[in-house]
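A look at the structure
Here are the chains, one letter per residue:
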Amino acid sequence: MVIEMTDLEKEKQDYRKTMMLKEPLPKVITKMAVPSIIAFLITSIYNLADTFFVSALGTNATAAVSVNASLDQIIMMAGSMLAVGAASYISRLLGAKKDEKASRVLSTAFFLALGFGTVVMVLGTVFMRPMVRLLGATATCEQYAIEYATYVLLVAPLMATTFVMNQCLRAEGSAMLSMIGMGFGGILNCFLDPVFIFYLDLGVAGASMATAISKLISFSILIFPYLTRRSLLRLSLRNFQCNRDIIRQIVSVGSSSMFRSGLAVVSAIVLNNIAGSISDSVLAGIGVSTKIMMFPFGIILGFGTGFQPVAGFNWGAERYDRVLDSYHFASRTAIIGAAVMGLLLAVFAGPLIVLFAETDPEMQMAGALSIRLQCLALPVHGWVAVVNMFCAALGNAKGAVLLSTSRQGTCFLPIVYPMAHWGGAYGVAAVQAAADILTLFLAVPLIRRVKRQVRAAHEAQDRAPLAV
């Protein structure tokens, strides 16, 4: 029986390799993307579930949960850098049939992420009150913010390693396993929230406990295929190797994700402090709109993470024709899909915000306006995300860093204070949409250069037999 199971798993692993190179690109990208999209949607649901159930406790509690979104970004910073960098390198190594080295990359990224998460847990716990104030908590929501951060910090090491396992499972073509791990934890969180918050009467702390338990379950599910050898890659402390090549490859591509997460933290802190200086209602409204916009953003990101390993695998296998074709399919799909999602969400923005702020018109105004303006810019966001993933897939670290840091960094920070100064709550609500539009000026010239690079490699490959 063991031999039959081993043979079956080997057949599945061989199929995942040939799938990347031979199946029609729309089919393989969709197959890779759908589980990722579902996982991101479920994650968005349970992130919003915390806010929804906590909103029954009042605007101040809602503002506190919004502030703590930046804590998730801090935990994600190095975890996502290691995850994205490792996944990109692993896709190219598997395409080049270097499976053993791919396992060393996975193990190195995993244990480094575990160490980073532990550092965040210790420092965050020791400096809890200064941390939540820095993140944007006002005097009226500070205690709620502390209660929510307490239990999230306890699972920071698991959250950081979960990012690595999640991305690396996708890199090897196991998007379904990734979806199950992320999805089950998210669904569980939606059931635990009302139990801990209302039935056990734990309030905001209960929402934090529910989130922590859900993260633990996701970690357990994602590590299972590695421990039972149901994955292409092998996770082991013996495979941990901090050599120059592995670290350089991980950091060069993954730094784009770290900078993106880092700038997302900075921009969120800036925006939280500006919005909080106006009122807790504006702070809560912007926070809720951010959670709602995670749904279309999650679909776009899930689609991009399905596209990235396909492009990276074919780049490593020197199938340059499929590399370009995969980009063209992904960019068209992202633009059309984002336009449809933006239209639908803009129509229902008002009723959605009312669910979180029935008696707070200022919160309703700020949240609904922010959603509608971001929906207008959603097609731009979708296409730029594909270009960003394309750069990461090909190992173009500079391009990936440039785009990943633009939306909430180079295109956001220079305009946030002027827009808030001149427009008040309206300016705060509009700033993210304006930054999305500005990213076009960086993405258009970048994609032209990258496509020229791929075409040049393809032409050189076509000429090679003639030269021989």
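Our subject is the structure listed above.
Residues numbered from 1 in each chain as written. Predicted model: local features only at pLDDT ≥ 70, side-chain atom pairs only at ≥ 80, totals over all residues. Heavy atoms only, no water.

Within the protein chain, the secondary structure is distributed over 21 helices and zero strands. The dimensions of the protein chain, computed from C-alpha atoms along their principal axes, are 75 × 50 × 35 Å. Evaluated residue by residue, the protein chain yields a buried proportion of 57% over its 468 residues. Considering only contacts within the protein chain whose residues lie at least 6 apart along the sequence, 83% involve residues at least 24 apart. A total accessible area of about 19100 Å² is found for the protein chain, and carbon and sulfur atoms account for 69% of it. Side chains of the protein chain give 36 positive and 26 negative charges; the mean places of these two sets differ by 10 Å. (Helix = DSSP H or I, 4+ residues; strand = E, 2+ residues; numbered from the N terminus. Buried < 20%, exposed > 50% of the residue type's maximum accessible area, 1.4 Å probe, protein only. Contact = heavy atoms within 4.5 Å. Areas by Shrake-Rupley, 256 points an atom, 1.4 Å probe, with all protein chains shown as cover. Lys, Arg positive; Asp, Glu negative; His and termini not counted. Charge placed at Lys NZ, Arg CZ, Asp CG, Glu CD.)

Ile90, Val164, Phe307 and Phe390 are the most contacted members of the largest nonpolar core, which has 75 residues in total. Of the residues forming this core, the biggest block, ten residues, is contributed by helix α16 (residues 378-393). Ignoring any residue separated from it by four or fewer positions in sequence, one finds Ile90 in contact with Ala102, Val105, Leu106, Cys168, Ala171 and Leu233. (Core = buried A, V, L, I, M, F, W, Y, C linked by side-chain atoms within 4.5 Å.)

Counted according to the given criterion, the structure contains seven salt bridges. Its salt-bridge partner being Lys31, residue Glu23 comes within 3.3 Å of it at the nearest N-O pair. A relative accessible area of 33% places Lys31 in the partly exposed class. Between Asp321 and Arg319 there is a salt bridge whose closest N-O contact spans 3.3 Å. (Salt bridge = Lys/Arg side-chain N within 4 Å of Asp/Glu carboxyl O.)

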